[in-house]
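Fold and contact review
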Amino acid sequence: MAINYIPNENIDFKKWDKCIKKAFNGNIYAYSWYLNIVSDNWDALVENDYERVMPLPQTRFAGKEIITQPKFAGQLGIYSTTTLSENKISNFINSIPIIFRYVNLKLNKHNKLSNSLRTSNKYVFFDLDLIKPYEKLREIYPSSLTEILKTTEKLKFTIAPRISVESIITFEQDKSILDKYFHPEELITMQLLVAAAINNKMGQMCGIYGDNNTLLAIGFFVWSHQKAVLVFLLLNNNKLQLPALFFLIDDFIRNNSEKNLILHFEINENSRLVSLLEKIGAKKSASFYYYRNQLPWYLKPFVA
């Protein structure tokens, strides 16, 4: 059962997406339309007739093709429609062509190996099961969160479950905030992601408004395989950031409780969300990467 390296132009995208849809460990990041948006280019490792696949997102560094984790993409790695053994995972990892001297790729939780992986010290995962009624989920909210949510009621926060793609660029405040955290091409990527996810009925962009119809926050969710993911969050730079953030998450929990759905976060370990998610019962797990750096010695210091 050979594992073949296939350049992007030769990938059968229909078979690829069918594999991702049926994979027991599938997620939205691996669909071809998603990868086409977030990655400069991506090739693939494919076993048999797309029974198991692994995307290889690429970019260029110092004139060399390298494999790196795309921004706005979460766990990738090997996807399978059948059992995935550690030996099979190793075979895929070892099949990454040696022409890629640098590889730094976040793997999904079913790709764990006893070696060759490193744990990220920057990012953690949280999963919150929404199967319970909202009242039961809210019972364990810490008092501090309850008080903040009461504040949002007094301030008459409202949420628009669907706002336009253009809102990303016209987000009040602003260009200064957006320009600080995102390059122009990243803003375009965000717009394309929103448009494509909504078109595929797999995404929703929400807006939170305060007094005078001021847009305080934008949250973009995507979902597949019974999992919803907060892909990005934009907050106005003012004292209402924290209430707007908690209001957004609470609203999503309220509207999606009693569903066979997991609310998933992949966030920086220093995020203000970490403490909140721990307190409301979300399960925490580490993120794992496959990493190798065989670049010339004079280039190694310039990549993580």
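Because the structure is predicted, anything quoted here is derived from the model rather than measured.

The rules we used
- Residues numbered from 1 in each chain as written.
- Predicted model: local features only at pLDDT ≥ 70, side-chain atom pairs only at ≥ 80, totals over all residues.
- Heavy atoms only, no water.
- 1 Å grid on protein atoms, 1.4 Å probe; cavity = no way out; pocket = protein on both sides within 12 Å on 5 of 7 lines; lining within 4 Å.
- Points joined across faces, edges and corners; volume = space filled by probe spheres on them.
- Helix = DSSP H or I, 4+ residues; strand = E, 2+ residues; numbered from the N terminus.
- Nonpolar A, V, L, I, M, F, W, Y, C, P; charged D, E, K, R; others polar.
- Contact = heavy atoms within 4.5 Å.

**Quick word on empty space enclosed by the protein**
One pass over the full model with this rule turns up 1 cavity of 30 Å³ or more. By volume, the largest cavity amounts to about 40 Å³. For the lining of the largest cavity, the secondary-structure elements that each account for two or more residues are helix H5 (143-154) and helix H9 (241-256). Ranked by the residues each element gives to the lining of the largest cavity, the list is headed by H9, at 4 residues. Class assignment of the residues belonging to the lining of the largest cavity gives a composition of 8 nonpolar, no polar and 1 charged.

**A few points about the layout of surface pockets**
Looking at the second largest pocket, its volume works out to about 520 Å³. If you trace the second largest pocket, you find 17 residues lining it, with Val-38, Gln-69, Pro-70, Lys-71 and Glu-186 closest to the centre. Of all the secondary structure elements, the ones that give two or more residues to the lining of the second largest pocket are helix H2 (32-38), strand S3 (52-61), strand S4 (64-68) and helix H8 (184-199).

**Some points on the environment of Leu-76**
Structurally, Leu-76 is set in the loop between S4 and strand S5 (79-80). Sequence separation between Leu-76 and Asn-25 is 51 residues, and the spatial gap between their C-alpha atoms is 9.8 Å. In this view, Leu-76 contacts Tyr-29, Ala-30, Leu-35, Pro-55, Pro-57, Gln-69, Pro-70, Leu-105, Lys-106, Leu-107, Asn-108 and Asn-111; residues no more than four positions away in its chain are not counted.

Fair warning: the whole summary comes from geometry, so function is off the table for now.
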